[in-house]
Amino acid sequence: MSPAPYAVRVSAPAAKVLDSLPEHAVDTLWDILAAAAADPWGFRRFDTDDEGEDVRYAAVSQLSVTFWVNRHLRSLTVLNIVWLG
């Protein structure tokens, strides 16, 4: 049995961006976050020069998401959303 997915939280600055996204970008964002919640380390590190591995980056087409993995609370916090649309 696989472990439960991580919970997803959205920071206040990221929530402002989320509110302004077109519907198809929101759908893509939640697809990315569902994959990240199932396997947070399946995405590349945000800064490969940084020793920390808990800030991750995912990009699909014109949408990118930076999130922090909180191992102790089994949650992801979306730090930043960029939409180049």
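For the structure itself, look to the data block above.
Described in the following lines is the structure provided in the data block.

Procedures and definitions
Residues numbered from 1 in each chain as written. Predicted model: local features only at pLDDT ≥ 70, side-chain atom pairs only at ≥ 80, totals over all residues. Heavy atoms only, no water. Helix = DSSP H or I, 4+ residues; strand = E, 2+ residues; numbered from the N terminus. Contact = heavy atoms within 4.5 Å. Patch = residues over 30% accessible without salt bridge, like charges linked within 9 Å, V, L, I, M, F, W, Y side chains within 5 Å. Areas by Shrake-Rupley, 256 points an atom, 1.4 Å probe, with all protein chains shown as cover. Salt bridge = Lys/Arg side-chain N within 4 Å of Asp/Glu carboxyl O. Buried < 20%, exposed > 50% of the residue type's maximum accessible area, 1.4 Å probe, protein only. Pairing = 2+ DSSP bridges. Core = buried A, V, L, I, M, F, W, Y, C linked by side-chain atoms within 4.5 Å.

Considerations on the environment of Leu 18
Part 1: When you line up the elements, Leu 18 lands in helix H1 (residues 12-20).
Part 2: Along the primary structure Leu 18 and Trp 83 are separated by 65 residues, whereas in three dimensions their C-alpha atoms are 9.3 Å apart.
Part 3: When neighbours within four sequence positions are excluded, Leu 18 is seen to be in contact with Val 26, Leu 29, Trp 30 and Ile 81.

Quick look at a nonpolar patch on the surface
Part 1: On the surface, a nonpolar cluster with roughly 350 Å² of combined accessible area is contributed by Phe 46, Val 55, Trp 68 and Leu 79.
Part 2: Here Val 55 lies in strand E3 (residues 55-60).
Part 3: The class for Val 55 is partly exposed, based on a relative accessible area of 30%.

A word on the pairing of strand E5 (residues 75-83)
Part 1: Bridging between strand E1 (residues 7-10) and E5 involves 4 bridges; their strand directions are parallel. In the strand pairing of E5, Val 10 is matched with Val 78.
Part 2: Of the strand pairs in this sheet, strand E4 (residues 63-70) and E5 are connected by 8 bridges, and their pairing is antiparallel. For Asn 70, the partnering residue across the bridge sits in E5 and is Ser 75.

Some words on the pattern of salt bridges
Part 1: Summed over all chains, the structure comprises 2 salt bridges.
Part 2: A salt bridge links Arg 71 to Glu 53; the shortest N-O distance between them is 2.2 Å. Taken together, the residues span a long stretch of sequence, with Arg 71 in the loop between E4 and E5 and Glu 53 in the loop between strand E2 (44-45) and E3 at a distance of 18 residues.
Part 3: Among the residues examined, Glu 53 registers a relative accessible area of 34% and is labelled partly exposed.
Part 4: A salt bridge links Arg 71 to Asp 54, with the shortest nitrogen-to-oxygen separation between them at 2.9 Å. In this pair, Arg 71 is assigned in the loop between E4 and E5 and Asp 54 in the loop between E2 and E3, connecting sequence segments 17 residues apart.
Part 5: Linked through salt bridges whose partners overlap, the residues forming this network are Glu 53, Asp 54 and Arg 71.

Brief notes about the nonpolar core
Part 1: Grouped together as the largest cluster of nonpolar side chains are 19 residues, with contacts concentrated most on Leu 21, Leu 29, Val 65, Phe 67, Leu 76 and Ile 81.
Part 2: If you list the elements that add at least two residues to this core, you get H1, helix H2 (23-38), E4 and E5.
Part 3: Counting residues per element, this core draws most heavily on H2, which supplies 7 residues.
Part 4: Once you skip the residues sitting within four places of it in the chain, Leu 21 turns out to touch Val 26, Leu 29, Leu 63, Ile 81 and Trp 83.

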